[in-house]
Amino acid sequence: MSKVETKMSKQTKPTETKKKLNVLIVDDDAINRTLHARIINQIGGVSKTAGNGEEAVILHRDGNASFDLILMDKEMPERDGASATKKLREMKVTSMIIGVTTLADNEEERAAFMEAGLNHCLAKPLSKENLLPLINHLLDA
């Protein structure tokens, strides 16, 4: 095998999702919403944002929403991430939901968030490097 063939056969890290994702970003912090939207755009997705869990529930209840992925912050006013996730699952929302927490959250808090119906949970700050492999893995599952 030549050097060219060897280089071509090596796997490269993907920089985009396997399909174009429609993503809802739910976070009460405008900076986090902007950063997460930028990451989604970089990996080839499109995003919409909600400022809290109640807005996410209303979007789905009104029938104006269909998302492949929801990035759900844990701590928000009006309706927190766990409550919003649980309500969305009760509404039969089948979107992949990834919880987003701070590193300060202990295992028990993360477990309670997962039990609300998350597919996975990641610690802030999110990055393309930690989000993309997870999304592609969950898409394959």
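Here the structure is a predicted model, which is why all the values come from computation and not from measurement.

**Section: the sheet that holds strand S3 (residues 69-73)**
Taken in spatial order, the five strands line up as S2-S1-S3-S4-S5 in an open sheet, and their pairing is parallel. Single-partner strands in this sheet number two, and they are strand S2 (46-50) and strand S5 (120-123). Between one strand and the next, the sheet's axes are offset by a mean angle of 20 degrees, whatever the strand orientation.

**Quick word on the pattern of salt bridges**
Pairing between side chains becomes possible if they bear opposite charge and their charged atoms approach one another. One pass over the full model with this rule turns up four salt bridges. Residue Asp-73 is joined to Lys-124 by a salt bridge in which the shortest nitrogen-to-oxygen separation is 3.0 Å. Taken together, the residues span a long stretch of sequence, with Asp-73 in strand S3 and Lys-124 in the loop between S5 and helix H6 (128-140) at a distance of 51 residues. The two residues Asp-73 and Lys-124 agree in class, both being buried. Each of the salt bridges in this network shares a partner with another, and the network as a whole consists of Asp-27, Asp-73 and Lys-124.

**Topic: the side chain of Asn-32**
Mapping Asn-32 onto the fold places it in helix H2 (residues 30-42). For Asn-32, the contacting residues outside a window of four places in its chain are Asp-27 and Lys-124.

**Quick look at the UniProt feature "modified residue: 4-aspartylphosphate" (unreviewed entry) in the chain**
Per the UniProt record, the feature "modified residue: 4-aspartylphosphate" (unreviewed entry) sits at Asp-73. Taking relative accessible area as the criterion, Asp-73 reaches 4% and is therefore assigned buried. Beyond its immediate stretch of four places on either side in the chain, Asp-73 contacts Val-26, Asp-27, Asp-28, Gly-81, Val-100, Phe-113 and Lys-124.

**Let's talk about the side chain of Thr-85**
By secondary structure assignment, the location of Thr-85 is in helix H4 (residues 81-90). Overall, the relative accessible area of 0% leaves Thr-85 in the buried class. A polar contact of 2.8 Å, which involves the side chain of Thr-85, links it to the backbone oxygen of Gly-81. The residues contacting Thr-85, other than those within four sequence positions of it, are Met-72, Ile-97, Phe-113, Ala-116, Gly-117 and Leu-118.

**Let's talk about unusual backbone geometry**
Of note, the amide linkage connecting Lys-124 to Pro-125 takes the cis form, showing an omega dihedral of 0 degrees. Positionally, Pro-125 belongs in the loop between S5 and H6. Of note in this structure, Glu-78 is not a glycine but carries a positive phi near 70 degrees. By the element assignment, Glu-78 lies in the loop between S3 and H4. Residue Glu-78 is classed as exposed on the basis of its relative accessible area, which comes to 70%.

Conventions we followed
- Residues numbered from 1 in each chain as written.
- Predicted model: local features only at pLDDT ≥ 70, side-chain atom pairs only at ≥ 80, totals over all residues.
- Heavy atoms only, no water.
- Pairing = 2+ DSSP bridges.
- Helix = DSSP H or I, 4+ residues; strand = E, 2+ residues; numbered from the N terminus.
- Axes fitted to C-alpha atoms, helices over the stretch in contact; angles between N-to-C directions.
- Salt bridge = Lys/Arg side-chain N within 4 Å of Asp/Glu carboxyl O.
- Buried < 20%, exposed > 50% of the residue type's maximum accessible area, 1.4 Å probe, protein only.
- Contact = heavy atoms within 4.5 Å.
- UniProt positions renumbered as here; feature names shortened; annotations may be inferred.
- Polar contact = N/O pair within 3.5 Å; in protein donor to acceptor, adjacent residues only side chain to side chain.

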